[in-house]
Amino acid sequence: MKTILAIHTGGTISMSQNEKGEVVPNNENPIAKEQVILKGQINLITDNLFNLPSPHITPQIMFKLKQRIMKAIADGVDGVVITHGTDTLEETAYFLDLTLPNTIPVVLTGAMRSSNEVGSDGLYNFQNAISIAATPESYGKGVLVAMNDEIHTARFVTKTHTTNVDTFRTPTFGPIGIVTQHKAKYFQELIRTEVCDIDHVVEGVYLLKAYAGMNGDLFSALDNEKTRGLVIEGLGAGNVPPQTLPAIQQLLEHHIPIVLVSRCYNGVAQQIYDYVGGGIQLEKMGLILCQGLNGQKARIKLLVALSNNKVGTELRRFVSNAVS
Ligand SMILES: NC(=O)C[C@H](N)C(=O)O
């Protein structure tokens, strides 16, 4: 019989609506003891590790979660399910994808409607995640995200809607599989994995979004000493307004690695445009163009790379390409 560990970390899936209609955390996790699916066929063990709304999750907390999963792997569990708030779920999922060995299925899930709301999706998603974690086909696919009958890779999935249960999408590539009647069916393979073990997490990795008319003020506001790295969500295929360039250059002169992604929902940042502030100039200046990741994922990747003490060409190689 397979042993699946469910680690609960909080989020709407663990919350309830009160008489005023406000969604609030519970002391007792309402779904922690529930197991409808695969009852008698798997041994489900539970760890209520945290009870946090996901905006309270930090990279330090992600690191504690990674350590807990490493212990579970060493103890011989066959799969791990993590319940998590959806706001930062994609960041935790990608952090774990980058830092855990790809040995057993690790599946994150959450809910858009709290436990006592009509049409609550929490228990349903939790059941699906258990079933995915117990499926032999789920091995070797990296960390997975199971929401609303779809299975996504941690690397590319993103939250796209504030409240709709169909919020998690994988732009450009699509989901890796689906769940029907609580059974996982895969129709895409994981392209590759890149595990990068870390024993601590650095601070001071920031994310800024470019906008029409942006100037250097926000870049200049960064403390050169405290800033370990920066991700810029550029415009379109990876361009920034020209007024930002002197301040960006200043940061580069302080040897701060700067990663460029696109603020677009779909597509990749590339050296296409040769005008002032275009991707070609940014690449020549020394920015690392990262293909395929959104801003928050690129920030996690840069943070993991820096926590692994990567520098120079190795940092550039690791951060630049998430696709192939
Ligand atoms: N649906 C959710 O879980 C959203 C909630 N604010 C959280 O991330 O904790």
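Residues numbered from 1 in each chain as written. Predicted model: local features only at pLDDT ≥ 70, side-chain atom pairs only at ≥ 80, totals over all residues. Heavy atoms only, no water.

- As recorded in an unreviewed UniProt entry, the protein chain goes by the name Asparaginase, listed as coming from Liquorilactobacillus sucicola DSM 21376 = JCM 15457.
- The annotation that UniProt attaches to the protein chain under Sequence similarities (unreviewed entry) is "Belongs to the asparaginase 1 family." (UniProt positions renumbered as here; feature names shortened; annotations may be inferred.)

### Structural notes on helix 8 (residues 312–320)
Reasoning step 1: All buried positions along helix 8 are accounted for by Leu315, Phe318 and Val319. Take helix 8 and look down its axis: the buried residues cluster within an arc of 90°, on one side only.
Reasoning step 2: Close packing links the buried residues of helix 8 with helix 2 (89–99), strand 15 (258–262), strand 16 (288–289) and helix 7 (295–307). (Buried < 20%, exposed > 50% of the residue type's maximum accessible area, 1.4 Å probe, protein only. Helix = DSSP H or I, 4+ residues; strand = E, 2+ residues; numbered from the N terminus. Arc of directions from axis to C-beta. Contact = heavy atoms within 4.5 Å.)

### Thoughts on unusual backbone geometry
Reasoning step 1: For His255, which is not glycine, the phi dihedral falls at a positive 60°.
Reasoning step 2: Tracing the chain through its elements places His255 in the loop between helix 5 (245–253) and strand 15.
Reasoning step 3: A positive phi angle, close to 60°, is found at Asn309, a residue other than glycine.
Reasoning step 4: Its place among the elements puts Asn309 in the loop between helix 7 and helix 8.
Reasoning step 5: When its relative accessible area of 58% is taken as the criterion, Asn309 is described as exposed.

### Some words on the nonpolar core
Reasoning step 1: Ranked by size, the top nonpolar core spans 53 residues in total, and within it Ile69, Val80, Ile82, Phe95, Leu96 and Val259 carry the most contacts.
Reasoning step 2: At seven residues, the largest contribution of residues to this core is made by helix 7.
Reasoning step 3: In this structure, this core is formed jointly by two domains, domain 1 (2–186) and domain 2 (205–320), each of which donates at least three residues.
Reasoning step 4: Not counting the four nearest positions on each side in its chain, Val80 is found in contact with Leu5, Ile7, Ile69, Ile104, Pro105, Val106, Val107 and Ala133.
Reasoning step 5: By size, the runner-up hydrophobic cluster in this structure holds 23 residues, among which are Ile4, Ala134, Ile151 and Ala184. (Core = buried A, V, L, I, M, F, W, Y, C linked by side-chain atoms within 4.5 Å. Domains from an automatic or database assignment.)

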